[in-house]
Number of protein chains: 2
Amino acid sequence: MLNQQERSRTWLQELKHNGYRLTSPRKAVVEVMANSDTVLSPAEVYDIGRGRYAKLGLVTVYRTLEKLEAMGLVQRVHRPDGCEAFIAGVEGHQHLLICENCGRVEYFGGDKLDGLIDKVQGDSGYEIRDHWLQFFGLCRACQRNN
Amino acid sequence: MLNQQERSRTWLQELKHNGYRLTSPRKAVVEVMANSDTVLSPAEVYDIGRGRYAKLGLVTVYRTLEKLEAMGLVQRVHRPDGCEAFIAGVEGHQHLLICENCGRVEYFGGDKLDGLIDKVQGDSGYEIRDHWLQFFGLCRACQRNN
DNA sequence: TCAATTATGAAAACGTTTTTCAGTAAAGAA
DNA sequence: TTCTTTACTGAAAAACGTTTTCATAATTGA
């Protein structure tokens with residue numbers, strides 16, 4: 001994986017390539033998201049982001065996350081207790097493993113699902129277009145503290 | 001599966017066994033949920049439910065869904081575009097197959113995931129406590145109309 | 001039938017997200 | 001560099017869905 005500084009730079013380039021201006025508030029949001037390995041709500045991005053750019057507005061956080069999501073750089077995370085949180089995305093399709101306590105996210109690949117998808121598709125008559133596979137649990141650090 | 005009338009009756013009994021009173025608004029909500037095979041938001045339950053009990057209030061819909069969820073009779077459904085919808089639950093752990101167009105839901109079982117869970121647990125050090133597997137697509141009827 | 005207590009719905013409060021809008025700042029041209 | 005165009009910004013307001021409050025109504029068991 002890219003290190004965090006490289007990831008920030010790449011994201012900013014990509015914003016530029018998509019015709020967006022590089023502004024201080026956007027840089028702050030990009031740095032927060034690109035440097036985080038935990039799920040963050042817009043309000044949390046706002047709080048952390050103001051450490052980097054004090055005048056940052058919550059509205060801009062929403063607008064920037066929206067753009068980053070459309071560009072596939074961050075993805076929305078769905079959790080049992082609420083679904084408005086974001087995490088840096090990764091290339092290609094990956095599944096998520098989320099710590100219920102601290103929000104830390106890891107990715108795992110390995111689609112063992114193809115056979116199951118074929119079977120469910122045949123049984124149900126549905127045309128399956130997308131799937132979610134997410135695991136929830138406790139990361140190593142939170143196991144020790146709970 | 002129980003037919004819909006039986007399911008309503010069972011749910012009402014279960015409410016009673018849990019110490020809750022059987023009221024007209026609750027009956028309306030139970031009938032809506034027990035008779036539906038599509039995902040419904042609280043507002044939709046409210047709209048449909050008023051057809052059965054005109055004085056039904058939205059607040060009571062929320063309160064009743066909360067109880068039904070706690071009793072395991074309905075479950076919350078998470079979708080890419082929003083996560084506050086409910087569907088009648090089924091016994092035991094099942095996975096969902098959701099029509100992106102009309103919200104119809106089917107259930108499928110067959111946990112082929114045990115091996116994968118063990119592997120991810122070992123690789124990551126996480127203690128995996130729960131998982132979601134959901135498929136999204138088009139049901140037979142919506143394939144014809146799209 | 002009555003009394004105790006739960007449940008109800010209207011209204012208000014709440015927290016989050018979106019829209020509006022006047023002022024600001026980025027980026028390319030001169 | 002300065003200028004000009006246009007996109008972007010944040011504060012405030014609006015909109016939205018959900019929860020709380022509270023006086024009234026309805027269910028239940030005695």
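Note that the structure is a prediction, hence the values are computed from the model and not measured.

Calculation criteria
Residues numbered from 1 in each chain as written. Chains lettered and ligands numbered in written order. Predicted model: local features only at pLDDT ≥ 70, side-chain atom pairs only at ≥ 80, totals over all residues. Heavy atoms only, no water. Helix = DSSP H or I, 4+ residues; strand = E, 2+ residues; numbered from the N terminus. Buried < 20%, exposed > 50% of the residue type's maximum accessible area, 1.4 Å probe, protein only. Areas by Shrake-Rupley, 256 points an atom, 1.4 Å probe, with all protein chains shown as cover. Lys, Arg positive; Asp, Glu negative; His and termini not counted. Charge placed at Lys NZ, Arg CZ, Asp CG, Glu CD. Near = heavy atom within 4 Å. Polar contact = N/O pair within 3.5 Å; in protein donor to acceptor, adjacent residues only side chain to side chain. Nonpolar A, V, L, I, M, F, W, Y, C, P; charged D, E, K, R; others polar. Axes fitted to C-alpha atoms, helices over the stretch in contact; angles between N-to-C directions. Parallel < 35°, antiparallel > 145°, perpendicular 65-115°, else oblique. Left-handed = near helix turned anticlockwise from the far one by under 90°. Contact = heavy atoms within 4.5 Å. Least-squares fit on C-alpha atoms with pLDDT ≥ 70 in both. Buried area = accessible area lost by both parts, 1.4 Å probe. Salt bridge = Lys/Arg side-chain N within 4 Å of Asp/Glu carboxyl O. Expected span 1.5 Å × (residues − 1). Domains from an automatic or database assignment.

**Comments concerning the overall build of chain A**
Thought 1: The secondary structure content of chain A amounts to six helices and five strands.
Thought 2: Its helices and strands taken in sequence order, chain A reads α-α-α-α-β-β-β-β-α-β-α from the N to the C terminus.
Thought 3: Principal axes of the C-alpha set define a box for chain A whose edges measure 55 × 45 × 25 Å.
Thought 4: Out of the 146 residues belonging to chain A, those deemed buried represent 44%.
Thought 5: Counting only carbon and sulfur atoms, one obtains 44% of the accessible surface of chain A, whose full area is about 7,800 Å².
Thought 6: Taking the 19 positively charged and 19 negatively charged side chains of chain A as two groups, their mean positions are separated by 10 Å.

**As for the protein's contact with DNA strand C**
Thought 1: Taken together, 20 residues lie near DNA strand C, and Y62 of chain A together with T23, K55, T60 and R63 of chain B sit nearest.
Thought 2: The sugar and phosphate moieties of DNA strand C supply 63% of its atoms located within 4 Å of the protein.
Thought 3: Separating a phosphate oxygen of DNA strand C from a backbone N or O atom of K55 of chain B is a distance of 2.7 Å.
Thought 4: The side chain of R63 of chain B places a nitrogen or oxygen atom 2.7 Å from a base nitrogen of DNA strand C.
Thought 5: Only helix 4 (58-70) of chain A together with helix 2 (24-34) and helix 4 (58-70) of chain B provide two or more residues apiece to the surface near DNA strand C.
Thought 6: Each residue belonging to the surface near DNA strand C can be placed in one class, and the counts come to eight nonpolar, four polar and eight charged.

**A short note on the packing of helix 2 of chain B against helix 3 (residues 42-50) of chain B**
Any two packed helices are characterised by the angle at which their axes cross and by the distance between the axes.
Residues and elements named next belong to chain B.
Thought 1: Interaxial distance between helix 2 and helix 3 falls to 9 Å at its minimum, and their mutual angle equals 110°. Relative to helix 3, the element helix 2 lies roughly perpendicular. The interaxial crossing formed by helix 2 with helix 3 has right-handed handedness. Contacts from A28, V29, V32 and M33 of helix 2 reach helix 3 at V45, I48 and G49.

**Topic: the relation of the copies chain B and chain A**
Thought 1: The operation relating chain B to chain A is a screw motion whose rotation component is 179°, with 0.0 Å of axial translation and a residual RMSD of 0.1 Å. Seen this way, the second copy is the image of the first under a two-fold rotation axis. Closest approach to the rotation axis within chain B is made by the C-alpha atom of L133 of chain B, at a distance of 2.3 Å.
Thought 2: A share of 100% of interface residues in chain B that are also interface residues in chain A marks the association as one of identical surfaces.

**Considering the interface of chain B and chain A**
Thought 1: Of the residues lining the interface, 35 residues belong to chain B; the matching set on chain A comes to 36 residues.
Thought 2: Between chain B and chain A the total buried area reaches about 3,300 Å² when both faces are included, carbon and sulfur atoms providing 67% of it.
Thought 3: Per-residue buried area on chain B facing chain A is highest for Y126, W132 and F135 of chain B; these three make up 24% of the total on that side.
Thought 4: Taken together, chain B and chain A are joined by zero salt bridges.
Thought 5: Between the two partners, chain B and chain A, sit 12 residue pairs in polar contact (both at pLDDT 80 or more).
Thought 6: Looking at the side of chain B that touches chain A, the elements that each hand over two or more residues are strand 1 (74-79), strand 3 (95-99), strand 4 (105-108), helix 5 (114-124), strand 5 (127-138) and helix 6 (140-144) of chain B.
Thought 7: Looking at the side of chain B that touches chain A, the element that brings in the most residues is strand 5 of chain B, giving 12 residues.
Thought 8: Residue composition of the side of chain B that touches chain A, by class: 19 nonpolar, eight polar and eight charged.

**So, helix 4 of chain B**
Residue and element names in this part refer to chain B.
Thought 1: The end-to-end C-alpha distance of helix 4 is 19 Å, a good match for the 18 Å that 13 residues give at a rise of 1.5 Å each.
Thought 2: Residues of helix 4 that are buried make contact with helix 1 (4-17), helix 2, helix 3, strand 1 and strand 2 (82-88).
Thought 3: Phi turns positive, to about 75°, at G72, one or two residues after helix 4.

**Topic: the domain arrangement of chain A**
A common way to report how large an interface is uses the accessible area buried once the components associate.
Residue and element names in this part refer to chain A.
Thought 1: Domains assigned within chain A are domain 1 (4-88) and domain 2 (95-144).
Thought 2: With centres defined by C-alpha atoms, the gap from domain 1 to domain 2 works out at 24 Å.
Thought 3: Opposite the 10 residues of domain 1 that make contact, domain 2 presents 11 residues.
Thought 4: Carbon and sulfur atoms make up 59% of the area that domain 1 and domain 2 hide from each other, which totals about 820 Å².
Thought 5: Its largest share of buried area at the contact with domain 2, domain 1 owes to D37, H78 and R79, together 47% of the area lost on that side.
Thought 6: The interface formed by domain 1 and domain 2 contains one salt bridge.

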